Amino acid sequence: MTHKENRICFLDTLRVLACLAVIVNHTTPLVFQSRDPGGLTWFAAVTVFFSSKFAVPVFYMITGYLLLGRIDPWPKALTRIRRMVLVILGTGTVYWLIRGLVLEPGTPTEQILENLLSIYRVTPSNALWYLYNYLGMLLMMPFFQKLSANMTRQDFHIYFGISGFFFGVLPVLGHFYPNAVTNPHFGIPIFSGHICMLFLGQYFARFPVKRSAAGFSTACGIFLGMVAFNVGATWLEAGRNPENYLFVDNRTYLPILAQGGCVFYGVSCLKPGKWAERLGCYTFSIYLLADLVMEVLGPAYPFLVGIMHPLPAVACYTLLIFLVCLLISVPLKRIPGVRKLL
């Protein structure tokens, strides 16, 4: 939804925060992955990294909040699907052309063409996996809408319990206790972490949770507790398996899913300013551009590290990427054909 009359202010705040968090999620590893585990800088960077992990759950919750509360006719559903297909093809084309012609001059024409023809199956950049996953969600959305329309509060609670246990808790336990797994033939495809995020967003829309100072404080406490758990688990894993210690970095695991729920509730308790509405309409284009701008501005981070500590350097680098993407997004949104896609 991009029309002003259809916007919900606190969702715009969530969009801006989640969009910035996506960039933080991709820049902060520049600090801790270049160091041995341990030390104040490593712990601080890992803490910032896991504090940004709420982004994907929040984006899915926004979708569930807006789309699961209705039953759209198939033509409208197909319009959304067509738009996302065009976004994937258009964004992938821009990425591969700029890489092949500008960032990596001398790339053979055959390789550029091969990359362009592979957009439908090869993700052009680290962050754009979400577009392909979201396209799958849109294909299933008409069925989810009919399902959720008939679900009671108890049905939602049971759904969250089953999804949370099998996809949020059991995989974490299975990492430490290999026998804590289900039979490989046991399948519950209608339950999953990503779908759970959609339904959690609709739960907030249909059964509004009471907003209060105590509730906000509780949400903040749970959020910080989940971040602490993720940092602690990462530190423990670094001692066991230093080559691959980010096992808990999974958006469907309960600690990160819970972070998303806490941020969603916490922001809904606040009164957003006009800045949220003004920036919220640009977040999708900022997200689409972020990885490409990060590649173009790659030399900026080593330069910043040369004049300041890595933590403020990566913070400046992150804000620079966000601002450049915003500056590009403003004129893009004024191009008629592009505006409909963004």
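Predicted model only: the values in this text are computed from it and were never measured.

## Section: the packing of aromatic side chains
Logical step 1: Scanning the model with the defined rule gives 31 aromatic pairs in all.
Logical step 2: Here the aromatic rings of F49 and F50 are separated by 5.2 Å at their centres, their planes lie at 75°, and the arrangement is edge-to-face. The pair formed by F49 and F50 is uniform in burial state, with each residue classed as buried.
Logical step 3: Among the aromatic residues, those joined into a cluster by ring pairs are F144, F156, Y159, F160, F191, F199, Y203 and F207.
Logical step 4: Residue placement shows R99 over the ring face of W96; its charged tip is 5.0 Å from the ring centre.
Logical step 5: A cation over a ring is seen here: R251 above W129, with NZ or CZ 3.8 Å from the ring centre.

## Quick notes on the packing of helix α5 (residues 74-103) against helix α7 (residues 129-149)
Logical step 1: Look at α5 against α7: their axes get within 10 Å of each other, and the N-to-C directions meet at 175°. As the angle between them shows, α5 and α7 are arranged roughly antiparallel. Between α5 and α7, the residues in contact are W74, A77, R80, I81, M84, V85, V87 and I88 and L131, Y132, Y134, L135, L138, L139, P142 and F143, respectively.
Logical step 2: Here the contact of α5 with α7 is built from residues that sort into 15 nonpolar, no polar and 1 charged.

## Notes on the packing of helix α4 (residues 55-67) against helix α11 (residues 254-268)
Logical step 1: α11 packs onto α4 with a crossing angle of 55° between their chain directions and a minimal axis gap of 8 Å. One element, α4, and the other, α11, form an angle in the oblique class. For α4 against α11, the interelement crossing comes out right-handed. Across the interface between the two elements, P57, V58, M61, I62 and Y65 of α4 pack against I256, L257, G260, G261, V263 and F264 of α11.

## A look at the nonpolar core
Logical step 1: Of all hydrophobic cores here, the largest spans 98 residues; its most connected members are L14, M84, L131, F199, F264 and Y287.
Logical step 2: Sorting elements by how many residues they give to this core places α4 first, with 10 residues.
Logical step 3: Not counting residues up to four positions away in its chain, the partners in contact with Y287 are C19, V22, A127, L128, Y130 and L131.

## Brief notes about the confidence of the model for the protein chain
Logical step 1: Looking at the protein chain, the pLDDT average stands at 92 and 98% of residues meet or exceed 70.
Logical step 2: Counting contacts from residues 1-6, a segment whose pLDDT is below 50, to residues more than four positions away or on other chains yields 7 contacts.

## Describing the side chain of S52
Logical step 1: Here S52 lies in the loop between α3 (40-51) and α4.
Logical step 2: Its relative accessible area of 4% is what places S52 among the buried residues.

## A word on the environment of K76
Logical step 1: As for its position among the elements, K76 is in helix α5.
Logical step 2: Remark: the alpha-carbon pair of K76 and A45, spanning 31 residues in sequence, is separated by 43 Å.

## Overview of α11
Logical step 1: Here α11 contains 15 residues, and its C-alpha end-to-end distance of 21 Å stays within 8% of the 21 Å for a straight helix at 1.5 Å per residue.
Logical step 2: With 13 of 15 residues buried, α11 lies mostly within the body of the structure.

## Some details on helix α8 (residues 153-176)
Logical step 1: If you check α8, its first and last C-alpha atoms are 34 Å apart, about what 24 residues at 1.5 Å a residue would give, namely 34 Å.
Logical step 2: At L170, α8 shows its largest bend, some 40°, and a proline, P171, comes one to four positions later.
Logical step 3: Within the sequence span of α8, burial applies to F156, Y159, F160, S163, G164, G168, L170, V172 and G174.
Logical step 4: Contact partners of the buried residues in α8: α7, α9 (193-206), α10 (213-240) and α11.

## A word on the pattern of salt bridges
Pairing between side chains becomes possible if they bear opposite charge and their charged atoms approach one another.
Logical step 1: Summed over all chains, the structure comprises 5 salt bridges.
Logical step 2: Residues D249 and K53 are paired through a salt bridge, measuring 2.7 Å at the closest nitrogen-oxygen approach. Placement of the pair is D249 in the loop between α10 and α11 and K53 in the loop between α3 and α4, with a sequence separation of 196 residues.
Logical step 3: Owing to a relative accessible area of 28%, D249 belongs among the partly exposed residues under this scheme.
Logical step 4: The partner of R240 in a salt bridge is E237, and the shortest N-O contact between them spans 3.4 Å. Residue R240 and its partner E237 are located together in helix α10, separated by 3 residues, close to a single helical turn.

What counts as what
Residues numbered from 1 in each chain as written. Predicted model: local features only at pLDDT ≥ 70, side-chain atom pairs only at ≥ 80, totals over all residues. Heavy atoms only, no water. Phe/Tyr/Trp six-rings, centres within 6.5 Å; stacked < 30°, edge-to-face > 60°. Buried < 20%, exposed > 50% of the residue type's maximum accessible area, 1.4 Å probe, protein only. Lys NZ or Arg CZ within 6 Å of the ring centre and 35° of its normal. Axes fitted to C-alpha atoms, helices over the stretch in contact; angles between N-to-C directions. Helix = DSSP H or I, 4+ residues; strand = E, 2+ residues; numbered from the N terminus. Parallel < 35°, antiparallel > 145°, perpendicular 65-115°, else oblique. Contact = heavy atoms within 4.5 Å. Nonpolar A, V, L, I, M, F, W, Y, C, P; charged D, E, K, R; others polar. Left-handed = near helix turned anticlockwise from the far one by under 90°. Core = buried A, V, L, I, M, F, W, Y, C linked by side-chain atoms within 4.5 Å. pLDDT = per-residue confidence, 0-100. Expected span 1.5 Å × (residues − 1). Bend = angle between axes of the 7 residues up to and from the residue. Salt bridge = Lys/Arg side-chain N within 4 Å of Asp/Glu carboxyl O.

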